[in-house]
Amino acid sequence: MTGVDQLWDVVDGARWHVRDEPDAVRHEILPLWNATAGGGGQQADVGFYLRLVAATRRPVAELGVGYGRVARWTRPDYGVDESVRMLRRSSARVPGMTVVAARMHDYVLSEPARLSYAPQNLMSLLGPADETLEALSTMRRNTEPRGELAFDVTMPDWDRLHAQHGVRQVRGQVGNLRLSYVAELLSVDAAAGQGALRMHHLVERVDASGRVRTQIRYPPLPVHYFTPLRWSALLARAGWLVQDCWGGFGNEPLRTTSRQQVWLVRR
Ligand SMILES: C[S@@+](CC[C@H](N)C(=O)[O-])C[C@H]1O[C@@H](n2cnc3c(N)ncnc32)[C@H](O)[C@@H]1O
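For the structure given in this document, a descriptive report is provided here.

The rules behind these values
- Residues numbered from 1 in each chain as written.
- Predicted model: local features only at pLDDT ≥ 70, side-chain atom pairs only at ≥ 80, totals over all residues.
- Core = buried A, V, L, I, M, F, W, Y, C linked by C-beta atoms within 7 Å.
- Buried ≥ 20, exposed ≤ 12 C-beta atoms within 10 Å, placed from the backbone.
- Contact = placed C-beta atoms within 7 Å.
- Helix = DSSP H or I, 4+ residues; strand = E, 2+ residues; numbered from the N terminus.
- Pairing = 2+ DSSP bridges.
- Axes fitted to C-alpha atoms, helices over the stretch in contact; angles between N-to-C directions.

1. Topic: the nonpolar core
Turning to step 1, where the next piece is worked out: Core analysis: the largest hydrophobic core is formed by 40 residues, its most contacted members being Leu-63, Tyr-117, Leu-136, Phe-151 and Leu-235.
Turning to step 2, where the next piece is worked out: Aside from chain neighbours lying at most four places away, what touches Tyr-117 is Tyr-49, Leu-52, Glu-62, Leu-63, Ala-150 and Phe-151.
Turning to step 3, where the next piece is worked out: Counting eight residues, the second largest nonpolar core, distinct from the first, contains Trp-33, Tyr-181, Val-182 and Tyr-218.

2. Topic: the environment of Gly-66
Turning to step 1, where the next piece is worked out: Take Gly-66: it is sitting in the loop between β2 (60-63) and α4 (71-74).
Turning to step 2, where the next piece is worked out: Through-space distance from the C-alpha of Gly-66 to that of Arg-85 is 8.8 Å; in sequence the pair is 19 residues apart.
Turning to step 3, where the next piece is worked out: Discounting chain neighbours no more than four positions away, the residues touching Gly-66 are Leu-30, Asp-81, Met-86 and Ser-90.

3. A word on the sheet that holds strand β4 (residues 98-101)
Turning to step 1, where the next piece is worked out: Read from one edge to the other, the open sheet built from seven strands follows the order β4-β3-β2-β5-β6-β13-β12, with strand pairing classed as mixed. The two strands at the open ends of the sheet, each matched to only one other strand, are β4 and β12 (241-246). Direction aside, neighbouring strands of the sheet carry axes that sit 15° apart on average.
Turning to step 2, where the next piece is worked out: Bridge count for β2 against strand β5 (residues 113-118) is three bridges, and the pairing is parallel. Paired with Ala-61 across the two strands is Ser-116, which belongs to β5.

So this is what it looks like as structure tokens:
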């Protein structure tokens, strides 16, 4: 497959910078990602998780709480994230939330949650199937009997992923910062219902005349996709009972053409 390194345009006169802090791809890219084109649609998830939290008992935990985009509305009792920078930002936005700095594969809450929820593809960031299974088991251990887990993940579209491989996509611009990315497809096993890619992000600082002044490259972010069938097998192996899987945040039925999978499972 095409080497991604050759794909960025070299802009004359622009300063190059490689961001080698692994966490930067989260605390610098995620807010920009959400603020650029398409970010508006993301807000539909806030309403969905807000309704779930309102309908349940506490304690509630947000898994991969990030900078508190959802948590500032849902007010979970616990916010779990491996990024200390992210936790600092979310705890400032959600007073009273207990932060847990840990990986999704081995976090421990001081009491089991009634509901845990993981917005915005967190479950696609947990590694290949065996590592995702490990995280699903950890989540179950941290859930009270008959307690629930909710999450949303992208519906994989293998043709689209093949077509986008190595092609620079401009996500959008906020102020003088323009965000682009290249998806580097690593593997697709359609029969097994899984595939993996690495996202390479680039932020360009643009001046008032539109000229690129600085280009900042970020370390690659691995993403793992599973079909609904593969997800149901992983959930069953980890001991979760599926209550529902929708094709969107408005509880639309799941179809092969759905762009999202929105899961609600019970211990
Ligand atoms: C896609 S963001 C979602 C953030 C937030 N829930 C939202 O919707 O805006 C994922 C968050 O999960 C965290 N994260 C990713 N992989 C993780 C892992 N293996 N263990 C713990 N946290 C992880 C990242 O640091 C990031 O803050």
